[in-house]
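Examining the three-dimensional arrangement
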Amino acid sequence: MTRNTSTNHSLLTPFNLVAGAILIIGAGITVLRFTRGLGAVTHLSNDNPWGIWIGFDLLCGVALAAGGYVTSAAVYIFGMKRYHSAVRPAILTGFLGYAMVVLALNYDVGRPWRLPYPFVVQQGTTSLLFEVGACVALYLTVLFIEFSPAALEWLGLKRARNLVTRLTMLLTIFGVVLSTLHQSSLGALYLIAPSKLHPLWYSPYLPVYFFVSSIVAGLSMVLFESTLAHHYFGDRMDAAHIEENTGVTLGFAKAASLVLAGYFTIKVIGLAMDDNWRYLTTGYGVWFLVELLGFVAFPCFLYAVGVRDKNIRLIRWTAVLTVVGIMLNRLNVSLIAFNWQLPSSERYFPSWMEIMISVFVVTIGILIYRFIVTRMPILYEHPDYPSSH
Amino acid sequence: MSLTRRKFLGWVGAAGAGAVIGKNASASTTEHFKGYPNSFAVLHDITLCVGCRSCEAACNKVNELPPPDRPFTDLSVLNERRRTTAKAYTVVNRFQNRKSPQHPVFAKKQCNHCLEPACASACFVRAFRKTPEGPVVYDPSVCVGCRYCMVACPFGIPAYEYDNAFSPKVMKCTMCYPRVMKGQLPGCVEACPREALTFGKRKDVLEIARQRIHDNPGRYLNHIYGETEMGGASWLYISGAPYQEIGMREDLGVTPAPELTSGALSVVPMVVGLWPVLLTGIYAITQRKEKVAAEEKAAAVAEAVEKSESSARQALSDALNKAHKEALKEKDAAVQQAVKKALAEAASSKAEEAAH
Ligand code: SF4
Ligand code: SF4
Ligand code: SF4
């Protein structure tokens, strides 16, 4: 392997300097977290037991890592073979996304070394969190196996690689089942707290909302990541990847527009079922409308226009808007509309150290992504293994 | 409370026996779980509470909790609204009395020991357990520290040891389970100088509450808080002031917490069972479509080839015909030429002859 990317010269880029600083600060806070406890670094309280490490790292992280299952399902199950080049990058970001979620959870739970307890010591099967934990653990394994052919090609382990690729269909189906379950259960986590979550966000349909919006998140993230990858790693892409990209962009944008329309519809149905119209005139109601109209209806429309006009730029910006909207939704459910009845002095706002740890975790993810795409056949096909699917 | 130790121990035994009958605490039947038949409960008569904090002091002592920030004799803490914390399983708060402002209302807060606890239903290692005797107890030896129990509890009770780095625990009132099992009264109940707290079997305690309301309709509201809230609890309250004015939510409803999530949980086997079948079906359809498409393509290609072949043959024969005709034409032309030439020669020879 020629590693011209890691010579001394290129190490001192602004990106590397910023990343290095984040890693150093993050390491410092990590030491503080594990020697002095959660109280020393977070603003968590007895009334606000979950902060951004759950609201952002877990909820947003899992939603945005949905690209893996959405893409592999589209290509392998729904037979959209022409999007084949989008699978590997989506699987990789999915895998890294979940790995980072699990990393962040180790900061959040009080005794991370006991994370296997729910599976090996005592199973709390009445808990939605048990379902989330079990599915995330299994799905991380599935993603790892799905990703492994790229690593095995890089390492030159031909036989192992061929063995794994034979499992593709099975893994894809397993991945879709697991994703359906945990994407929806993340929303279902809040079903148990109707007295704490604002009625505009609380709904018996929470699991359905979370699942459907995860599809949108997955599609939009694939679009968003491919924009970034084009920009920064364009030289790593092969002709197939670049050629197929327009098709992928238009196809995914069309799908995202349709699913967003469905999501909008079920949100309105939920509003009507619970007869929550009267809340719309309150402050929270306005905020709800901002989310629903500005970040669901609007991107739905923009995607549709983008597809009609074949406007790739518009589609890419819409993907960003949609991703922001999904994150807003997760933060609304977990933090902003949660504990809405508490006086403002008892509400939660993250400490700078909590934010830093979230940034730290995302940075680690990006660094590993960069390490992998600059070495392994992710954005191009390995010459020894031309598409055999 | 006047009850003999032997009677008390007899009760504990009966509650344990009741456990055998009332096993289905979390079984998903349509019938509503009404609590273990012989379980205990505490009744808090809010109209009797004077906010002396004796219960807080006793609770601190029997549970060996760390010393409080301010001594229990300091009543100025009543100026702020407090909640349970990792250092205090129970707190008393003072509230304004709308009806007679010079007589504030005091209310004690601690775990309500729900009949179907949200905390227990939420915990993914089953660290919480509703005992047949009534108390909801916590096992710190399995707790992972995810704090979902705190998210779930509708009464905002469990607290966490955020400052403990190595063995943080969820902290909440135990209803003095260890004492109750030894035949002793809960610390707070024993310490209350006003007998604002009454311990006994839940059905008896409920009876006492009803009796008091019945005998003093002007003193009490006709609502025993905890009888049905979130499916019912083992800590009951009677009060003269509306509950929502004294920090107790009245909008919780009567649905027990496990019912809120049972729908979502019951979907799991459906997804696991149906998704693979559906997805494989879709896969089969796309495969079939592709196969059909491939076959059609092959057929089309064959036809095209056929067509082009036949047209090629046509062209060939056309070409041959043409060549043949051309050859004939050429022959004709050549003959004609030859004839012409011959005629011309003949004519010229004739002319020559004539000239001679
Ligand atoms: S009051 Fe809260 S902590 Fe106590 S049993 Fe009920 S749900 Fe659990
Ligand atoms: S913090 Fe402990 S007791 Fe509470 S839900 Fe998590 S594991 Fe269970
Ligand atoms: S029952 Fe025991 S643990 Fe609970 S408040 Fe009373 S003294 Fe404290």
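It should be noted that the structure appears before, not after, this text.
Just so it is clear, the model here is predicted, and its values are computed rather than measured. (Residues numbered from 1 in each chain as written. Chains lettered and ligands numbered in written order. Predicted model: local features only at pLDDT ≥ 70, side-chain atom pairs only at ≥ 80, totals over all residues. Heavy atoms only, no water.)

What chain A contains, in helices and strands, is 15 helices and 0 strands. Since a compact globule built from 389 residues should have a radius of gyration of about 21 Å, the 21 Å found for chain A is in line with a globular shape. Across its three principal axes, chain A shows a C-alpha extent of roughly 60 × 55 × 45 Å. Within chain A, contacts between residues at least 6 apart in sequence are counted, and of these 81% link residues at least 24 apart. (Helix = DSSP H or I, 4+ residues; strand = E, 2+ residues; numbered from the N terminus. Rg over C-alpha atoms; globule rule 2.2 N^0.38 Å. Contact = heavy atoms within 4.5 Å.)

What follows concerns the packing of aromatic side chains. Under the criterion given, the structure shown has 21 aromatic pairs over all chains. On the numbers, 5.6 Å between centres and 50 degrees between planes, the contact of Phe95(A) with Phe144(A) is tilted. Here Phe144(A) lies in helix α8 (residues 128-155) and Phe95(A) lies in helix α6 (residues 87-108), a separation of 49 residues in the sequence. Residue classification places Phe144(A) among the partly exposed positions, given a relative accessible area of 44%. Ring geometry for Trp201(A) versus Tyr284(A): centroids 6.4 Å apart, planes at 80 degrees, classification edge-to-face. You can see Trp201(A) sitting in the loop between α10 (168-188) and α11 (206-233) and its partner Tyr284(A) sitting in helix α13 (residues 283-308), a full 83 residues away along the chain. Judged by its relative accessible area of 21%, Tyr284(A) is partly exposed. By the ring-pair criterion, three or more aromatic residues cluster together here, those being Trp50(A), Tyr190(A), Phe338(A) and Tyr148(B). (Phe/Tyr/Trp six-rings, centres within 6.5 Å; stacked < 30°, edge-to-face > 60°. Buried < 20%, exposed > 50% of the residue type's maximum accessible area, 1.4 Å probe, protein only.)

Now for the site of ligand 1. The immediate surroundings of ligand 1 are formed by Cys111(B), Asn112(B), His113(B), Cys114(B), Pro117(B), Ala118(B), Cys119(B), Val136(B), Cys153(B), Phe155(B), Pro158(B) and Lys172(B). A per-class count over the shell around ligand 1 returns 9 nonpolar, 2 polar and 1 charged. (Near = heavy atom within 4 Å. Nonpolar A, V, L, I, M, F, W, Y, C, P; charged D, E, K, R; others polar.)

On to the interface of chain A and chain B. Taken residue by residue, the interface counts 58 residues in chain A and 57 residues in chain B. The contact between chain A and chain B buries some 4900 Å² in all, and 61% of this surface belongs to carbon and sulfur atoms. Three residues, Asn46(A), Arg111(A) and Ile192(A), lead the burial of chain A against chain B; their summed loss comes to 16% of the area buried on that side. The interface formed by chain A and chain B holds 3 salt bridges in total. As a salt-bridge pair, Glu290(B) and Lys81(A) come within 3.1 Å of each other at their nearest N and O atoms. Where chain A packs against chain B, one counts 33 residue pairs in polar contact (both at pLDDT 80 or more). Elements supplying a minimum of two residues to the side of chain A that touches chain B: α2 (14-36), α3 (38-41), α5 (67-77), α7 (117-120), α8, α10 and α11 of chain A. At 7 residues, α10(A) tops the list of elements feeding residues into the side of chain A that touches chain B. Looking at the side of chain A that touches chain B residue by residue, the class counts come to 33 nonpolar, 17 polar and 8 charged. (Buried area = accessible area lost by both parts, 1.4 Å probe. Salt bridge = Lys/Arg side-chain N within 4 Å of Asp/Glu carboxyl O. Polar contact = N/O pair within 3.5 Å; in protein donor to acceptor, adjacent residues only side chain to side chain.)

Everything listed here is a matter of coordinates, which is why it stays silent on function.
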